[in-house]
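Chains, contacts and geometry: an overview
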Amino acid sequence: MSALLHPVISQISQVILGKQQQIKLTIACLLARGHLLIEDLPGVGKTTLAHAMARSLGLEFQRIQFTSDLLPADIVGVTVFDRESSTFSFHPGPVFSQVILADEVNRATPKAQSALLEAMEEHQVTVDGNTRALPEPFFVIATQNPSHQVGTFPLPESQLDRFLMRIHLGYPDAGAERELLEGRERRDMIDNLPPVISPEDFSSLQKQARTVVTAPALLDYLQAVLAFTRNSADYINGLSPRAGLYLLNAAKAWAFMDGRQKVIPEDLQAVLPSVVGHRLCPMNGYAALPGLDLTQRLIEEVAIP
Amino acid sequence: MNQSAHLSFPNLLAILLSIVVVMAPHAPHVPKWTVAFCLIALLIRLYAGLERRPLPAKPLLFSFAAVAIGGVLFSFGSLFGRDSAITLLLAMTVLKLLEMRSQRDITVTVVLCYFLAITNFFYTQTIFTALYSIGAAWLITGTMVSLQHRARPAKFLQVMRMSGLLLAQAVPVMLVLFLLFPRIEGPLWGLPKIQNSGRTGLSDRMSPGSLSRLSLSDEIAFRADFETPPEDAKKLYWRGPVLWDYDGRNWAAGQRIPLSSFRYDSFAPNLKYSVTLEPHDQRWLYLVDLPSRLPQKSILTRDYQVVSFSPVRQRLRYSAESTPVYRAGTEALPAELQRALALPPDAAPRTRAMVRQWRGLGLSGMEIAQRVLSIYREQPFIYTLEPPPLPKDPVDQFLFETRRGFCEHFASSFAVMMRAAGVPTRVVTGYLGGEINPVDGYLVVRQSEAHAWNEIWTPDEGWVRVDPTAAVSPLRIERGLANAVPDTDPQPLFRRTQLKWLVELRYQWDAVTNAWNQWVLGYTLERQTRFLSTFGFSNVGWQDMIITLLIATGIILSAFALGMFMRLRSNKTDAVQRLWLHYCNVMAARGVVRKTSEGPKDFTQRVAKRFPGLRERVVRIGELYIDLRYGKADAPSEQSTPRMRELRTHIRALYLAASPAGKTS
């Protein structure tokens, strides 16, 4: 583990109990400069995780609560006429921030969703014909409720694709839950979290993560995984080349966090469920079967060359 | 579960198409209700697939099945036998289609298609049948391939290429099976007797019009292959049924009496040849006049017919010899001569009145024959394929009124006149002519070459051939049928010799068909034995054949497997990977098997946990391997060699330390 990242993980772990793996994945996602989607039931700590992450990294944080009457202007900002100076002036919306928590992103209408997702893709927004760059680094951590819940507009595949990872938090185990119940108010804890890494340091870590070596043997493995999803009868569509690139970046970040300068198959396997889970659509019948984790199956079926 | 979960609509279409393709050839020979039944079932399935409707319930299917069984019983009276079994099979296959719910049902249906494709050979075994079946197998295999692509509908061309590749890989095995599968003499499954087979060919009766009807048929009667081609193969008389008994209209063969001792004088070298006879459901074989060496399993009758032991129900190949110029039959039995003179008392009164005058003139048989032939020559007789009907006494009406006839008219009237004049005469039917196929040199004789001629008996010469048709139309003998009859007569298409390219094409096609008959269908026990003996195997029993077959198939499959293995292996040829795999094998022998999807780090941890005593070494091996395989690939030789050496040393040490101590610790 990189010395700079270790405090980040331990600090967040104090707030979100018993979710070490998810926290590591979240950091890997940010290291790989990807956006994160957290999908789970309300109340399992999605917002808390995002919030704690932003505080610990010392980044500017904005939260947008998505509702069904949210308008694009509520996200990107509005231009208003200033009577005193007789000019139009722009009032930036919450999107002009380093870390955006888009809470319950699937409760807004597609129009509002696309305003955010455009910002994610382009790292800029266009208001009244003026293009404005967003701050760097720029992360979106979106949370969404399971799409079968009432009042949701599920994100289309093309927009899901812009998230590097999708993770689930799940219920805490009994011990962690007891600790949670006994512990302090989470809100207070987050408010008091000090930044443990400077944005500049984090930015340099991101650069270092890019330099992790990927040997031909690993690329063979990655390609075998991609080919398997394209030929297998289990999925409606195979993985796109972009998904392959994302997978590689995430695996590099994972290897980097593990303190290695080379990616090994285990790194790929560790990030694979989060990176491809929302990109692969199982064929009819599989989704209905409980306990059959498609991505786990994918890992087991592809031999490491 | 929803049935569409298993079967996408394109795949359903592929299955339906396969079924239609394998069933279509059966349409002409199953009862009409079967066709309707199958079509209805197919349409129901198509509708259910298109509209995503549920399939018919079990009780309904049972009643469908009952209807099918009832229909078969009604049409055939039995569930057994070729036609009824196939009808039942067709009906049950389409019912299976209506019951296709699970993956297993789908597979069963597709495999049934393969079987149905084979059943077509019960009816026909031509090249077209074979090509059609190959096409069907291609399509069915394609359907199978497509069924594996449940996810996305696979591209048609991709699927068919895959299917073709699979079939192509099966070709060597097919050849081995064809060449080595033990042949049984006679058909394997006792071909059922076919009533009303409607096969064209000569019969042992002849009436006015029977041969001229035959002459319109372009079907092949037999093919002959001469060892030394005779000067003019087209002028050979191929002897068939000999007709003795005349009832005033029809000629019949009567009883066949085996010949006990055969004596003849030959004036020309023997013709050696082999004949491939198309099945005609009769027992006689066609040989060039006069047979001198008989095919196997046949006998010669007193009137020199060659009769096989059993009816020819399958294409039969036999070799024989004949002497084209001969004298035979001088020692005829009195009873025979009596039979050759018999005429019904009321037959042909005018003719007999005309001929009776010659009786007292003391003419020899040959002289009388000359007189009769001169009648044909001098009076306006016409040789035609469309003789007018003869409702009255056929001989009288032909000789004195119509004077237009085909060879049976001339042979019949000639025999009646000769018999009335007191010369023993009989009618011989057979074939005259044919053509040499320039492509493969075979003489091809078609049904249209059917001919009838006569034999008269004289004490000195025995039975002598006289062909009255030659008197009227020498061209028939010299240049074949097409040139002898008037242009206005209808003829088989291929006989119209003006279409030169058509003739050329026919020759080519015929040579192909003949090769098919000779080498594929005619690959009998005898040919198989001969083929194997060219490789030095003689006296091969069927057991040896099976063993050879299995070995050869095994070799072929191993070759394919080896090829695949090599391709697989070529991906992991680098030395590091070989060492690692060796290490994995060593560990597997000690009970820790690496899963194919297990990475080196996970595996190392597992091994270390299992063998704590080896921990240090195992961890080092893992590190080295990860370094070598997943690390920077720069400067391979200098950098990696020491590490390679170290890795090898560690693994060897592990291998040597393969002591039980490691396991128990």
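Before reading on, note that the structure itself is shown above.
The following refers to the structure shown. The structure displayed is predicted, hence computed values, not measured ones.

1. Things to note about the overall build of chain B
Within chain B, the secondary structure is distributed over 24 helices and 21 strands. In chain B, which comprises 665 residues, the proportion classed as buried is 46%. A total of about 34,000 Å² of accessible surface is found on chain B, and carbon and sulfur atoms cover 61% of it.

2. Regarding the pattern of salt bridges
Side chains that differ in charge, positive against negative, can pair when their charged atoms come close. Applying the stated rule across the entire model yields 33 salt bridges over all chains. Between Arg315 of chain B and Glu278 of chain B there is a salt bridge, with its nearest N and O atoms 3.1 Å apart. With a gap of 37 residues between them, Arg315 of chain B in the loop between strand S12 (306–308) and strand S13 (316–322) and Glu278 of chain B in the loop between strand S7 (271–277) and strand S8 (284–285) connect regions that are remote in the sequence. The exposure class assigned to Glu278 of chain B is buried, which follows from its relative accessible area of 15%. Within the structure, one salt-bridge network assembled from shared partners comprises Glu121, Asp161, Arg162, Arg242 and Arg279 of chain A.

3. Remarks on the packing of helix H10 (residues 216–231) of chain A against helix H13 (residues 294–301) of chain A
Residues and elements named next belong to chain A. Viewed as axis vectors pointing N to C, H10 and H13 meet at an angle of 125°, and their least axial separation amounts to 10 Å. Comparing the axis directions of H10 and H13 gives the class oblique. Here the hand of the crossing between H10 and H13 comes out right-handed. Taking contact as the criterion, the partners of Tyr221, Val225, Phe228 and Thr229 in H10 are, on H13, Leu298, Ile299 and Glu301. For the contact of H10 with H13, the residue count by class is five nonpolar, one polar and one charged.

4. Looking at the pairing of strand S4 (residues 87–92) of chain A
All names here are of chain A. Here strand S3 (residues 77–82) pairs with S4 via six bridges, running antiparallel. If you follow Gly77 over to S4, its bridge partner there is Pro92. Connecting S3 to the antiparallel partner S4 that follows it, the hairpin turn spans four residues, and Ser86 within it adopts a positive phi of roughly 50°.

5. Quick word on the interface of chain B and chain A
Listed per partner, the contact involves 18 residues of chain B and 27 residues of chain A. Viewed at the interface, chain A and chain B are joined by two salt bridges. Residue Lys262 of chain A pairs with Asp627 of chain B through a salt bridge whose shortest N-O separation is 2.8 Å. At the level of elements, helix H21 (600–610) and helix H22 (615–630) of chain B are the ones that each hand at least two residues to the side of chain B that touches chain A.

Rules used throughout
- Position numbers for residues count from 1 along each chain, tracking the sequence in the order it is written.
- Following the order in which they are written, the chains are lettered starting with A and the ligands numbered starting with 1.
- Under the rules for a predicted model, residues below a pLDDT of 70 receive no local features and side-chain atom pairs below 80 are neither given nor counted, while totals for whole chains, interfaces and linings still include all residues.
- Only heavy atoms go into the side-chain values, all of them from the structure, while hydrogens and water stay out.
- Only DSSP runs of H or I covering at least 4 residues are called helices, and only runs of E covering at least 2 are called strands; the numbering of each starts at the N terminus.
- For each residue, the accessible area found with a 1.4 Å probe, counting protein chains only, is set against the maximum for its type, and the residue is called buried under 20%, exposed over 50%, and partly exposed in between.
- Values of accessible area rely on a 1.4 Å probe in the Shrake-Rupley scheme; residue burial ignores everything except the protein chains shown.
- Each reported salt bridge corresponds to a side-chain nitrogen of Lys or Arg within 4 Å of a carboxyl oxygen of Asp or Glu.
- Fitting a line to C-alpha atoms yields each axis, with helices limited to the stretch in contact; the angle taken between N-to-C directions then spans 0 to 180 degrees.
- Under this scheme an angle from 65 to 115 degrees is roughly perpendicular, one under 35 degrees roughly parallel, and one over 145 degrees roughly antiparallel; angles in between are oblique.
- In a left-handed crossing the near helix is turned counterclockwise from the far helix by less than a right angle, and in a right-handed crossing that turn is clockwise.
- Only heavy atoms matter for contacts: two residues are in contact if any of them lie within 4.5 Å across the pair.
- Under this grouping Gly is polar, as are all residues other than the nonpolar Ala, Val, Leu, Ile, Met, Phe, Trp, Tyr, Cys and Pro and the charged Asp, Glu, Lys and Arg.
- One requirement defines pairing of two strands: DSSP has to find at least two bridges between them.

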